[in-house]
Amino acid sequence: MTSVVTISVRTLVEYVYRSGSLESGFRSTASLAEGTRIHQQIQQQYKEDDRKEVYLSTEIPCDELIIAVFGRCDGLLLSADGSLTVEEIKSTGAPELPEKGREVHWAQALMYAHMIILERDLSDITVRLTYVHSRAGEERSFERLVSAAEAAAFAGATAAAYAPYAALLLQHGERRTESIRRLEFPFPAYREGQRRLAGAVYKSIADGVNLFAQAPTGIGKTMSVLFPAVKAMGESRLRGLFYLTAKTVTRIAAQDAFALMASRGLHLHVVTITAKEKACLREEGLCGPDYCPFADGYYDRINGALMDMLGSETLMDRHVLEQYARKHSVCPFELSLDAAYASDAVICDYNYIFDPRIGLKRLLEERKKDTALLVDEAHNLVDRGREMYSAGLRKAPFLALKRGYKELNRALSGAAGSVNALFIALRKECEPAVSGKWSIYPGELPGLLEAFVQEAERELLSPAPALLPEEEQEDGLLNAYYDAQAMLRACKMYDERYITYAEMEKGDVFLKLFNLDPSHLLTQSSKGFRSRIFFSATLSPLHYYREMLGAGEDDYSLTIPSPFRKEQWEVGILPVSTRFRDRDGSLGPLSEALAAMVARKGNYLVFFPSYQYLQKVYDAFTAALPGVRTLVQGSGMSEEERERFLGAFRPGNAETLLGFAVLGGIFSEGVDLPGDRLGGVMVVGVGLPQLGLERNLLREYFSAQGKNGFDYAYVYPGMCKVLQAGGRLIRSESDTGVILLADDRFLQPPYLWLLPEEWRDYRVIG
């Protein structure tokens, strides 16, 4: 029986004609918006009889497969003699236009040529490949006259090269669908609230709308979201899903959920993308084909590696990827990215969808429309979004580059000097104050940065780079290049949701384009996906998170009450002031309250708004009770140190254990310590972000919109940390424990109003 595999021209040729090499250190590509602009710029030059964006399709028999290929050629041009030319347009930000067309680009154009020849019964056609520099606007074209026989032979060879991979994916798809049809919920029964969440996720995907779901900790949110999404995939409502996380610990929860379903018969390709620096197989050294054997010749070996791994594995985590990367001598990080485009489910950081610097650029629109985004701990995406869409620059690196390259590369030195001069002008504009703010960025900023980026690229890509007076100078240039590119991206996204500010810091000047409201850009970055499921235990107040995450009028909302009994919590409020000016006076009451809490043997965690405050209370407590076993969260802990910290919270510990940690840190979210692994939690303070320029700018922005700016900038983000920390305690129907909230503001609105219902039956201590 002949099977049909449908694929776009772009996907086909990118698989078969992987050419070039991994970029050494940085990528130089035009943005999607720039590419669209350049295509339109060329197409505007077409004559009346010329056509643009011509849809084409054909079927290519290949043994027992038919490869159905489709796509749109950029241009179909009619000459005066009646002959036709098919044009493929490519934009690039590289320092120089190519001297000849890249093989993968010629392949795309030749496939279109074959399709046009068949459609119009031509004997030959001219193929034109046009490159345009995204900044300079320079154009360069290459042409070939291709006969019908040549085009047919090329298309047949291309389809034949893809056929084994297509057959593998086709066979996998049949097994996947059948396994999903047979898959049952992998637990004996749904927990209270779990079925309701699963139903809402399924309906949102089926209806093609977004969902904002607040569900309490402990009900099994990960499985409640993944199981219905997988079921929707088996019913052809979805082609794939991305499970997006902010932290490693929640990534592991998703992997465990897929592993559990796999143990029940699920056959699904699932890949986890690990950060490049963590996935790297080399302990040190530069990244790129000139330095790394796993990068050198990557494209010659990647198809074999993919075929081997996808044919043998379903759950592809960091360890599996490393195994196949070593076997085939390929970069494990790049292998994970290539596997992501072929997999049914991808577990990764928010960045790979929402961040314009890192996003998966080859994810095609036809796949997006059948893909769901499952955004775990979605409350984190608000501040992460601001971070992704903001950009900052410092004066000092440009001054150093101006001086360092003065004799070695005058053009680069001059470009860096011009950026430095802009900072000098900003400093004068701010004097005598130490900061300044504006509703727009300096008008000359993009032009100066474009010039610097162009010269930096020439130097970084030079076969004989300048001999630098300092070893670290090249890293300084690369970092400045990245920062300048980020600032240029922010300039292009800049609108009324941004503000520009500058600060003077010990002789240096810092300039930032600060994104105040990420909702619009978060929506644009995830545009085209079938459904976005935002879920967390702390989307409260829901109207705030709907607004900040870009909810539409038709999107669904769901709030699931806690399934646990009030009696499982013993809640106390200690009305002590933890405000910065009062912290020294709070040390005694906090130490006494901790002593009372740990008098009952068990494992406990106490969370503080800062390391400094933590250390002061720790010193006071250990001086008063030196016999209690304690652990302290350190800054920048390694994964092994984190695991040891959490591993100490064992069930049935012979002695009491008290862990000191930081609010909003690695141990206050996503950590699961069920049963008597955790018997009590104290939260010190209401979690308000530190007072500062950016938070005050947020307060002013939202106040100007008629909202409570202080709540938006400080209260809501702060209380989210409090609720997350407290949520570590009760994880199942049988858990019990103590929650102690140490701050007098918990007894006042709006903090009191934001406490969950199950915490309202509190007693005031003292």
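Residues numbered from 1 in each chain as written. Predicted model: local features only at pLDDT ≥ 70, side-chain atom pairs only at ≥ 80, totals over all residues. Heavy atoms only, no water.

**Section: the overall build of the protein chain**
Alright, step 1. Tallying secondary structure elements over the protein chain gives 25 helices and 25 strands in all.
Alright, step 2. Computed over its C-alpha atoms, the radius of gyration of the protein chain comes to 29 Å, within 12% of the 27 Å expected for a compact globule of 766 residues.
Alright, step 3. Taking the principal axes of the C-alpha coordinates as reference, the protein chain spans close to 95 × 70 × 50 Å.
Alright, step 4. Looking at the protein chain as a whole, 55% of its 766 residues qualify as buried.
Alright, step 5. Look at the contacts in the protein chain between residues 6 or more apart in sequence, and 78% of them connect residues 24 or more apart.
Alright, step 6. Roughly 33,500 Å² of accessible area belongs to the protein chain as shown, and the carbon and sulfur atoms make up 49% of that amount.
Alright, step 7. Between the averaged position of the 87 positive side-chain charges in the protein chain and that of its 101 negative side-chain charges there is a distance of 4 Å. (Helix = DSSP H or I, 4+ residues; strand = E, 2+ residues; numbered from the N terminus. Rg over C-alpha atoms; globule rule 2.2 N^0.38 Å. Buried < 20%, exposed > 50% of the residue type's maximum accessible area, 1.4 Å probe, protein only. Contact = heavy atoms within 4.5 Å. Areas by Shrake-Rupley, 256 points an atom, 1.4 Å probe, with all protein chains shown as cover. Lys, Arg positive; Asp, Glu negative; His and termini not counted. Charge placed at Lys NZ, Arg CZ, Asp CG, Glu CD.)

**A word on the pattern of salt bridges**
Alright, step 1. On inspection of all chains with the given rule, the structure shows 37 salt bridges.
Alright, step 2. A salt bridge links Arg 384 to Asp 349, with the shortest nitrogen-to-oxygen separation between them at 2.4 Å. Of the two residues, Arg 384 is situated in helix H14 (residues 381-389) and Asp 349 in strand S11 (residues 345-349); the sequence distance between them amounts to 35 residues. You'll find Arg 384 and Asp 349 in the same group, each marked buried.
Alright, step 3. The residue Asp 495 makes a salt bridge to Arg 497 at a minimum N-O spacing of 2.4 Å.
Alright, step 4. A residue is classified by how much of its surface remains accessible, and Asp 495, at 22% relative accessible area, is partly exposed.
Alright, step 5. Because the salt bridges share partners, they merge into one network encompassing Glu 87, Arg 128 and Glu 143. (Salt bridge = Lys/Arg side-chain N within 4 Å of Asp/Glu carboxyl O.)

**Topic: helix H6 (residues 221-234)**
An α-helical turn contains 3.6 residues, so any two residues separated by three or four positions project in the same direction.
Alright, step 1. An ideal rise of 1.5 Å per residue puts 20 Å on 14 residues; H6 measures up with 21 Å between its terminal C-alpha atoms.
Alright, step 2. Trailing H6 by a residue or two, Ser 236 shows a phi angle of about 65°, which is positive. (Expected span 1.5 Å × (residues − 1).)

**Thoughts on the nonpolar core**
Alright, step 1. With 185 residues, the main nonpolar core has Ile 67, Tyr 162, Leu 335, Phe 354 and Phe 452 as its most contacted residues.
Alright, step 2. Ignoring any residue separated from it by four or fewer positions in sequence, one finds Phe 354 in contact with Leu 244, Val 375, Leu 381, Met 388, Tyr 389, Leu 522, Ser 525 and Ser 526.
Alright, step 3. Core analysis: the next-biggest nonpolar cluster, separate from the first, contains 37 residues, Ile 180, Ile 205, Met 223 and Leu 238 among them. (Core = buried A, V, L, I, M, F, W, Y, C linked by side-chain atoms within 4.5 Å.)

**Describing the sheet that holds strand S21 (residues 629-632)**
Alright, step 1. Across the sheet, which stays open at both edges, the seven strands sit in the order S21-S22-S20-S23-S24-S19-S25 with parallel pairing between neighbours. Looking along the sheet, the strands with just one partner apiece sit at the ends: S21 and strand S25 (763-764). (Pairing = 2+ DSSP bridges.)

**Remarks on the packing of helix H21 (residues 583-598) against helix H22 (residues 611-624)**
Pairs of packed helices are described in terms of their axes, by the angle between the two and the distance that separates them.
Alright, step 1. Where H21 contacts H22, the two axes come as close as 9 Å, and the packing angle between them is 60°. In terms of orientation, H21 and H22 fall into the oblique class. Two packed elements cross with a definite hand, and for H21 against H22 that hand is right-handed. Residue-level inspection shows Arg 583, Asp 584, Ser 586, Leu 587, Leu 590, Ser 591, Leu 594, Ala 595 and Val 598 of H21 in contact with H22, the latter providing Tyr 613, Lys 616, Val 617, Ala 620 and Phe 621.
Alright, step 2. Class assignment for the residues of the contact of H21 with H22 results in nine nonpolar, two polar and three charged. (Axes fitted to C-alpha atoms, helices over the stretch in contact; angles between N-to-C directions. Parallel < 35°, antiparallel > 145°, perpendicular 65-115°, else oblique. Left-handed = near helix turned anticlockwise from the far one by under 90°. Nonpolar A, V, L, I, M, F, W, Y, C, P; charged D, E, K, R; others polar.)

**Examining helix H10 (residues 318-328)**
Alright, step 1. Of the residues making up H10, those classed as buried are Val 320, Leu 321, Tyr 324, Ala 325 and His 328. For H10, the arc enclosing every buried residue in end-on projection is 135°, short of the 170-degree limit, so these residues lie on one face. Turned more than 90 degrees away from the buried face of H10 sit His 319 and Lys 327, all of them exposed.
Alright, step 2. Phi for Ser 329, located one or two positions after H10, is positive at around 55°. (Arc of directions from axis to C-beta.)

**Notes on the confidence of the model for the protein chain**
Atomic detail in the predicted coordinates should be set aside for any region of low pLDDT.
Alright, step 1. Here the protein chain shows a mean pLDDT of 91. Residues at 70 or above account for 95%.
Alright, step 2. For the stretch residues 20-30, pLDDT sits under 50, and the model shows 35 contacts to residues farther than four places along the chain or on other chains. (pLDDT = per-residue confidence, 0-100.)

**Here's the deal with the pairing of strand S22 (residues 657-662)**
Alright, step 1. For S22, the buried fraction is high: six of the six residues fall into the buried class.
Alright, step 2. The alternating pattern of S22 places Leu 657, Gly 659 and Ala 661 on one face and Leu 658, Phe 660 and Val 662 on the opposite face, and all of these are buried.
Alright, step 3. The sheet contact formed by strand S20 (residues 603-608) and S22 spans six bridges and is parallel. Along S22, the bridge assignment pairs Phe 608 with Val 662.
Alright, step 4. In this sheet, S22 lies alongside S21 in parallel orientation, the contact comprising four bridges. Opposite Val 632, over in S22, you have Phe 660 as the bridge partner.
Alright, step 5. One crossover worth recording links S21 to the parallel S22 by way of helix H23 (residues 639-647), and it is right-handed. (Right-handed = clockwise from strand over helix to strand, strands pointing away.)

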